[in-house]
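Coordinate inspection notes
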Amino acid sequence: MTSQTTLAKPGQDPGEPDRPDSSGGLQAGLKNRPPDSSGGLQAGLKNRHLSMIAIGGVIGAGLFVGSSAGIAAAGPAILISYAMVGLMVVLVMRMLGEMAAARPSSGSFSAYADQALGRWAGFSIGWLYWFFWVVVLAVEATAGAAILENWIPGVPQWAWALIVMVVLTATNLISVGSYGEFEFWFAGIKVVAIAAFVVVGFLAVFGFLPGSDNPGSGLAHLTDNGGFFPEGPGAILTGVLMVVFSFMGSEIVTLAAGESSDPQRAVSKATNSVIWRIAVFYLGSIFVVLTLLPWNDPSIQEKGSYVAALDSIGIPQAGNVMDFIVLTAVLSCLNSGLYTASRMAFSLGERGDAPKSFAKVNRRGVPQAAILSSVVFGFVAVFFNYQWPDTVFQFLLNSSGAVALFVWLVICFTQLRMRGIILRETPGKLVVRMWLFPYLTWATIAAISFILVYMLTDDTAREQVVLSLLVAALVVGISLVREMRNRKAVAK
């Protein structure tokens, strides 16, 4: 697949496509461009790669590491928190799937926001998403390095972080197929591990697991320690704030679909399967933890929810087993984070919203400059994490903390406009449709907005929202200034 060249207008970069006008409509250049154009990227991802990217995309290290805090805050009612956020993600993915199946793009929701809401929207959400993932690179590299240092203490933690980043950078630079192959196996380990945990856990819960150290109390632990709502119904919302960010990553498959041979089929399949993925991997595994142990069992906080559950069954070396699974989750997140950041940078470069070099691919069809630029910022963030963990790096974390919610909100508003655009231009490609449009879209917008407002009332989440809003306002401001300058240049 090769990118098309268009004649530049005054004040417009050569090769930059025409932009949506101020009303959000598509101008002629964009209408004439193939909607599934993905530049010089190669279709190097196989169906099995995309299937595993879709499944593994909803299983982040946050599920393994952060679930114990949610359980402590809400007790068994954390299941409702996970179900509420899971439903919201299902609806957002349905909206994104509708657009991605009709117009596969390496820029995914950023490219669609560009077309439906205006250039400022695509520019802003694209750069915010890129910023989010380069910060995640630092978080995951440090987490993985900590596990590896425990196993091999002779190598310092910073060296492990460096090694992990270099290896995965090399993987992404070789070809998109090598990224897909690594992610296939990383995600495969996560999927098999959680599926086994759920099956073995259910057997132990109901007393059918031979040799289990857990007496198996059925569903009694859900209500025998203060009831299902031990911290009150209001704790459900506190739990929502704690678990919402562990779902980030579901949208990666829509970026990757642009580099597959059959993107429409891949997106449709991923969108249709997101319900059971969330039900099994999130709700299923947390349900097992809460039925194997009382929610207030000290071991859940001391060891982590999954390790405590495995210990209660009598699985030998449960801590080491879970460390290995968490490490694969971390490496998977790093691998996908670097891929995602680079493809978003590539798309921004294609649209003239980033340096032109970001949109160039090497002979293997890999956007080398976009990958290296992303990893450089990742390395800088890792340095900040070691040098100033409580100041500079904490600021980076907090200022990117609410970006996931911003992304989902933009997807909702974009889909409201894109439905009409797709129906006018390529109605035959509307193979995935949002349910009960536009009512469920507006309901999802209301839910995400409520969470953002509620975060402002929470002492632990307020700083994240405020700093993220400030960074978002800065990026939007930059995009509006650029747009005004471009209009003035055209007027001259």
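Cut-offs used in this document
- Residues numbered from 1 in each chain as written.
- Predicted model: local features only at pLDDT ≥ 70, side-chain atom pairs only at ≥ 80, totals over all residues.
- Heavy atoms only, no water.
- Helix = DSSP H or I, 4+ residues; strand = E, 2+ residues; numbered from the N terminus.
- Rg over C-alpha atoms; globule rule 2.2 N^0.38 Å.
- Buried < 20%, exposed > 50% of the residue type's maximum accessible area, 1.4 Å probe, protein only.
- Lys, Arg positive; Asp, Glu negative; His and termini not counted.
- Charge placed at Lys NZ, Arg CZ, Asp CG, Glu CD.
- Axes fitted to C-alpha atoms, helices over the stretch in contact; angles between N-to-C directions.
- Parallel < 35°, antiparallel > 145°, perpendicular 65-115°, else oblique.
- Left-handed = near helix turned anticlockwise from the far one by under 90°.
- Contact = heavy atoms within 4.5 Å.
- Nonpolar A, V, L, I, M, F, W, Y, C, P; charged D, E, K, R; others polar.
- Expected span 1.5 Å × (residues − 1).
- Salt bridge = Lys/Arg side-chain N within 4 Å of Asp/Glu carboxyl O.

Concerning the overall build of the protein chain
Secondary structure summary: the protein chain contains 19 helices and zero strands in total. The C-alpha atoms of the protein chain give 23 Å as radius of gyration, which agrees with the globular expectation for 492 residues (23 Å, within 12%). Summarising its shape, the C-alpha atoms of the protein chain cover approximately 75 × 55 × 40 Å along the three principal directions. With 492 residues in all, the protein chain has 57% of them scored as buried. Charge-centre separation for the protein chain: the mean point of 31 positive side chains lies 15 Å from the mean point of 29 negative side chains.

Some words on the packing of helix α6 (residues 119-151) against helix α19 (residues 462-491)
Contact geometry of α6 with α19 gives a least axis separation of 9 Å together with a crossing angle of 140 degrees. Taken together, the axes of α6 and α19 are oblique relative to one another. Our pair here, α6 against α19, has a crossing hand that is right-handed. Here α6 contributes Arg 119, Trp 120, Phe 123, Ser 124, Trp 127, Leu 128 and Phe 131 to the contact with α19, which in turn contributes Val 471, Ala 472, Val 475, Val 476, Ile 478, Ser 479, Leu 480, Arg 482, Glu 483 and Asn 486. For the contact of α6 with α19, a count of residues per class yields 11 nonpolar, three polar and three charged.

As for helix α4 (residues 78-102)
Residues separated by three or four positions in an α-helix point in the same direction, a consequence of the helix having 3.6 residues per turn. The terminal C-alpha atoms of α4 lie 36 Å apart, and with 25 residues this matches the ideal 36 Å at 1.5 Å per residue to within 8%. Judged by how many residues are buried, α4 sits mostly within the fold: 21 of 25 residues are covered.

Some details on unusual backbone geometry
Look at the link from Phe 437 to Pro 438: it is a cis peptide, with omega at 0 degrees. By secondary structure assignment, the location of Pro 438 is in the loop between α17 (403-425) and α18 (439-457). Unusually for a residue other than glycine, Ser 108 sits at a positive phi of about 45 degrees. In this structure, Ser 108 sits in helix α5 (residues 108-116). The class of Ser 108 is buried, set by a relative accessible area of 0%.

Structural notes on the pattern of salt bridges
Summed over the entire model, instances satisfying the criterion amount to 10 salt bridges. For the salt bridge of Arg 419 with Glu 98, the shortest nitrogen-to-oxygen distance reads 2.8 Å. With Arg 419 in helix α17 and Glu 98 in helix α4, this residue pair connects regions lying 321 residues apart in the sequence. Judged by relative accessible area, Arg 419 falls into the buried class, the value being 9%. The class of Glu 98 is buried, set by a relative accessible area of 0%. Note that Asp 114 and Arg 351 form a salt bridge whose closest N and O atoms lie 3.3 Å from each other.

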